[in-house]
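Fold and contact review
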Amino acid sequence: MIKLTSPLKTTLLLISLIFIIIGGSILSNKIWAGKPKPLPDTNELIIEEGMTIGQFGQVNNLPNPLLRERFQLQGPADRQRLLSEFGTPEEITFIITGKKIDPTEYETKNWKKIAVKFALWFAFLNGVYFYFKKRKVTSSIRKWVLFASLVIFGVIMGSDPGPMGTVKDAIAILAESHRIFPPRLIAMSVFLLIVFLANKYICAWGCQAGTLQDLIFRLNQNENGKAIIGKQIKLPFIITNSIRIAFLVIFTIIAFAWSYDIVEPIDPFKIFKPSHLEIAGIIFVGILLIVSLFIYRPWCHFFCPFGLAGWIVEKFSRIRISVNYDTCIACNKCEKSCPSTVMSAILKRDKKTIPDCFACYSCRDVCPTNSISFSTRKRTMPPAGHFDKKD
């Protein structure tokens, strides 16, 4: 019998995880496939003389929410208004579609599924919070919770919606059709509210792409938190955040200048919708998952638009990681266990800027004096000379 080495075991676990995600997602997408048909192309819209708005919508299979929003209808009676009141056929076409993107947002969404997903998020995140509130998060429990989250919110419930898409698509839709898609803004507001209430809890335990990266990073650690394959590194926040800001700026400029979404071809959330992944996406996502073995949540730190927005809102979070310096013995175990540089900034407060904190509990669980909490306790400055103490 051949005994698996740790690097080989980690590699096999990673491959198995990817197969589970892709295979499960293909099956899940087939189960959820019963959606309305997409709208006709812009050039195929039927516009006839004397047509009412209601007739126009029926003939072109346009959803009522879209008609109400585009024509600013006040009630059912407005559907009997003549279409010609709103302009020429060319103007009507632009009112409805802009360029293409917004109408399909209405038609291709499974709204019942989305409502169920948000309800599951609420239940799952609350369950995780209260379960972990007074319990240590062992390596095994953390991995299983992350796995459960990505299976529920990614494999079963699909790639959309996700925190990242609410910011990215809001910009892309505005740039493409010069209009705002209200459901995206509502979803973004809900996600940012979660960040305001409990740090980046949605990113930590609810985001399907985030939990996948996190789990892969943890798979490459032994029980002592040491890397099994290669070396896990913590990049300076000034580098990662500068790249993230630059990426968002470039994305926005290209979206408005050329109506092109540069994230769409490489969107990592598409791993939960494999049929939509093209060659560029397969290559990028493959590299991203491999890099996740060595860098904690690379997409979140380098590229995610919601990650950047959440980092800003995180500054006002009601519940977050804090340190009680009255009992802290300056052993620095929390700083060493943190998968990024954030705990160093929180602990020593020697930097003005505090990086993203994903509330993973690694710092809290290694503290020998229970001096670290995830609570409403305010962060304070360490006493002068506190970290000059000897271990």
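Below you will find a few notes about this structure. Computed from a predicted model, the values in this text were never measured in an experiment.

What counts, and where the lines are drawn
Residues numbered from 1 in each chain as written. Predicted model: local features only at pLDDT ≥ 70, side-chain atom pairs only at ≥ 80, totals over all residues. Heavy atoms only, no water. Salt bridge = Lys/Arg side-chain N within 4 Å of Asp/Glu carboxyl O. Buried < 20%, exposed > 50% of the residue type's maximum accessible area, 1.4 Å probe, protein only. 1 Å grid on protein atoms, 1.4 Å probe; cavity = no way out; pocket = protein on both sides within 12 Å on 5 of 7 lines; lining within 4 Å. Points joined across faces, edges and corners; volume = space filled by probe spheres on them. Helix = DSSP H or I, 4+ residues; strand = E, 2+ residues; numbered from the N terminus. Nonpolar A, V, L, I, M, F, W, Y, C, P; charged D, E, K, R; others polar. Patch = residues over 30% accessible without salt bridge, like charges linked within 9 Å, V, L, I, M, F, W, Y side chains within 5 Å. Areas by Shrake-Rupley, 256 points an atom, 1.4 Å probe, with all protein chains shown as cover. Axes fitted to C-alpha atoms, helices over the stretch in contact; angles between N-to-C directions. Parallel < 35°, antiparallel > 145°, perpendicular 65-115°, else oblique. Left-handed = near helix turned anticlockwise from the far one by under 90°. Contact = heavy atoms within 4.5 Å.

**Notes on the pattern of salt bridges**
- This structure, assessed with the given rule, holds 14 salt bridges.
- Between K168 and D169 there is a salt bridge; the shortest N-O distance is 2.7 Å. Note on accessibility: K168 and D169 belong to one class, buried.
- D365 is the salt-bridge partner of R364, the closest N and O atoms lying 3.2 Å from each other. Comparing R364 with D365 shows no difference in burial state: the two are buried.
- Put simply, D160, K168, D169, R184, D261, E264 and K270 are held in one network by salt bridges that share partners.

**Regarding the layout of surface pockets**
- Here the second largest pocket defines a volume of roughly 650 Å³.
- Looking at the second largest pocket, it is lined by 26 residues, and the ones nearest its centre are Q221, N224, G225, K226 and S337.
- If you list the elements that add at least two residues to the lining of the second largest pocket, you get helix 7 (139–156), helix 11 (208–219), helix 16 (333–337) and helix 18 (362–366).
- Looking at the lining of the second largest pocket, its residues break down into seven nonpolar, nine polar and ten charged.

**Overview of a nonpolar patch on the surface**
- Together, I245, V249, I253, W258 and Y260 line one region of the surface with nonpolar side chains, adding up to about 540 Å² of accessible area.
- Position of Y260 among the secondary structure elements: in the loop between helix 12 (237–258) and helix 13 (279–291).
- Accessibility expressed as a relative area gives 44% for Y260, which makes it partly exposed.

**With respect to the side chain of S159**
- When you line up the elements, S159 lands in the loop between helix 7 and helix 8 (163–177).
- Owing to a relative accessible area of 15%, S159 belongs among the buried residues under this scheme.

**Overview of the packing of helix 7 against helix 11**
- For the pair helix 7 and helix 11, the least separation of the axes is 9 Å and the interaxial angle reads 150 degrees. Accordingly, the angle class assigned to the pair helix 7 and helix 11 is roughly antiparallel. Note that helix 7 runs across helix 11; the crossing there is left-handed. Facing helix 7, whose interface residues are R142, K143, L146, F147, S149, L150, F153 and G154, helix 11 presents Q208, T211, L212, D214, L215, R218 and L219.
- Its residues assigned to classes, the contact of helix 7 with helix 11 shows seven nonpolar, four polar and four charged.

**Thoughts on the side chain of Q221**
- Locating Q221 in the fold gives a position in the loop between helix 11 and helix 12.
- Residue classification places Q221 among the buried residues on the basis of a relative accessible area of 15%.
- Not counting the four nearest positions on each side in its chain, Q221 is found in contact with K143, K226, I228 and Q232.

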